[in-house]
Amino acid sequence: EARYLRDVWRLLRTLPVPTMAAMHGFSIGSGLEMALCCDLRIASDDARFRLPEVALGMLPFATGSQTLPRIVGRSRALELLLTSRWFEAEEALRMGLVHRVTPRAQLESAALELLATVRAHLKGARRRAKAALRNGADLSLALGLEVESRLASGALWESVHSRQ
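Since this is a predicted model, take the numbers as computed values, not measurements.

Novice: How should the overall build of the chain be read in this particular structure?
Specialist: Helix and strand counts for the chain stand at 9 helices and 6 strands. Relative to its full complement of 164 residues, the chain shows a buried share of 34%. For the chain, contacts bridging at least 24 residues in sequence account for 59% of all contacts bridging at least 6. For the chain, the exposed area adds up to about 10100 Å²; of that, 59% sits on carbon and sulfur atoms.

Next comes the structure, spelled out in structure tokens:
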């Protein structure tokens, strides 16, 4: 019920600005699903992950059945969902679920450093890059390139007019 009454998962997925999850300890169920809705994910080396819903007789209903295969691939996602097994940060890194793994004591500084790198680029360019991926990645290549072209045209227009 909480999934539908307070849909923070949709909010994270649709924010135009880049989002990041910094994870440590246990990342289980809807907490992991929330991180899957973020653009960037960094984990401490002590992080452990699990989607236990199937073992509990449920379906991951906070986006996990849809976001996980888009991030780690269908085959791996199905294995993780059907077994409900635990996995560690290094495996999460290998499968592409997290982008970086860092020692627990350095998690906050590593997350802030990654965020500073992202923020060093122009805000409009970050938004357009995110929009291009969000709106075009599941389309055919031809349609995805049209999305990219429209976004790039908007960037060019903004660039020319901001100099005047």
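This is not the end of the story, as more comes after the structure.
Novice: Explain the packing of helix α4 (residues 64-72) against helix α5 (residues 74-83) to me, please; I cannot follow it from the model alone.
Specialist: Helix packing geometry: the angle between the two helix axes and the distance between the axes. Interhelical geometry of α4 versus α5 gives an angle of 135 degrees and a closest axis separation of 7 Å. By the criterion of interaxial angle, the relationship of α4 to α5 is oblique. Once α4 is placed against α5, the crossing between them reads as right-handed. Where α4 abuts α5, its residues Ser65, Leu68, Pro69 and Val72 lie against Arg74, Arg76, Ala77, Leu80 and Leu81. Taken together, the residues that form the contact of α4 with α5 break down as 6 nonpolar, 1 polar and 2 charged.

Novice: Looking at this structure, I do not really get the nonpolar core. What am I missing?
Specialist: The nonpolar side chains of a soluble globular protein tend to be buried, and buried together. Formed by 25 residues in total, the largest nonpolar core has its most connected members in Leu32, Phe49, Leu68, Phe87, Leu97 and Val98. Elements that contribute at least two residues to this core include exactly α2 (8-14), β1 (20-23), α3 (30-36), α4, α5 and α6 (89-95).

Novice: Mind showing me how you'd approach the pairing of β1 here?
Specialist: Regular strands have side chains that alternate between both faces of the sheet. Side chains Ala21 and Met23 of β1 all project onto a buried face; the interleaved residues Met20 and Ala22 project onto a face where none is buried. With 4 bridges joining them, β1 and strand β3 (residues 40-44) adopt parallel strand pairing. What sits directly across from Met20, in β3, is Leu40.

Novice: It is not clear to me how the sheet that holds strand β4 (residues 48-50) should be interpreted in this structure. Could you clarify?
Specialist: Strand-to-strand pairing in sheets goes through backbone hydrogen bonds, with the strands running parallel or antiparallel. Within the open sheet, the 3 strands sit side by side as β2-β4-β5. Their pairing is mixed. A single partner strand is all that each edge strand has here, and the edge strands are β2 (26-28) and β5 (87-88). As judged from the 3 bridges shared by β2 and β4, these two strands associate in the parallel manner. Note that in β4 the partner of Ile28 across the bridge is Arg50.

Novice: Could you clarify how one ought to interpret the sheet that holds strand β6 (residues 100-102) in this entry?
Specialist: One open sheet accounts for 3 strands, arranged β1-β3-β6; its pairing is parallel. Every other strand in the sheet has two partners, leaving β1 and β6 as the edge strands with one partner each. In this sheet, adjacent strand axes meet at a mean angle of 20 degrees when their direction is disregarded.

Novice: Looking at this structure, how should I read the pattern of salt bridges?
Specialist: Pairing of side chains with opposite charge becomes possible as their charged atoms draw close. On inspection of all chains with the given rule, the structure shows 3 salt bridges. Here Glu88 makes a salt bridge to Arg48, at a shortest N to O gap of 3.0 Å. Of the two residues, Glu88 is situated in strand β5 and Arg48 in strand β4; the sequence distance between them amounts to 40 residues. When the shortest N-O distance is used, the salt bridge between Glu79 and Arg85 registers 2.7 Å. The partly exposed category is assigned to Glu79, whose relative accessible area is 29%.

Each value, and the rule that gives it
- Residues numbered from 1 in each chain as written.
- Predicted model: local features only at pLDDT ≥ 70, side-chain atom pairs only at ≥ 80, totals over all residues.
- Heavy atoms only, no water.
- Helix = DSSP H or I, 4+ residues; strand = E, 2+ residues; numbered from the N terminus.
- Buried < 20%, exposed > 50% of the residue type's maximum accessible area, 1.4 Å probe, protein only.
- Contact = heavy atoms within 4.5 Å.
- Areas by Shrake-Rupley, 256 points an atom, 1.4 Å probe, with all protein chains shown as cover.
- Axes fitted to C-alpha atoms, helices over the stretch in contact; angles between N-to-C directions.
- Parallel < 35°, antiparallel > 145°, perpendicular 65-115°, else oblique.
- Left-handed = near helix turned anticlockwise from the far one by under 90°.
- Nonpolar A, V, L, I, M, F, W, Y, C, P; charged D, E, K, R; others polar.
- Core = buried A, V, L, I, M, F, W, Y, C linked by side-chain atoms within 4.5 Å.
- Pairing = 2+ DSSP bridges.
- Salt bridge = Lys/Arg side-chain N within 4 Å of Asp/Glu carboxyl O.

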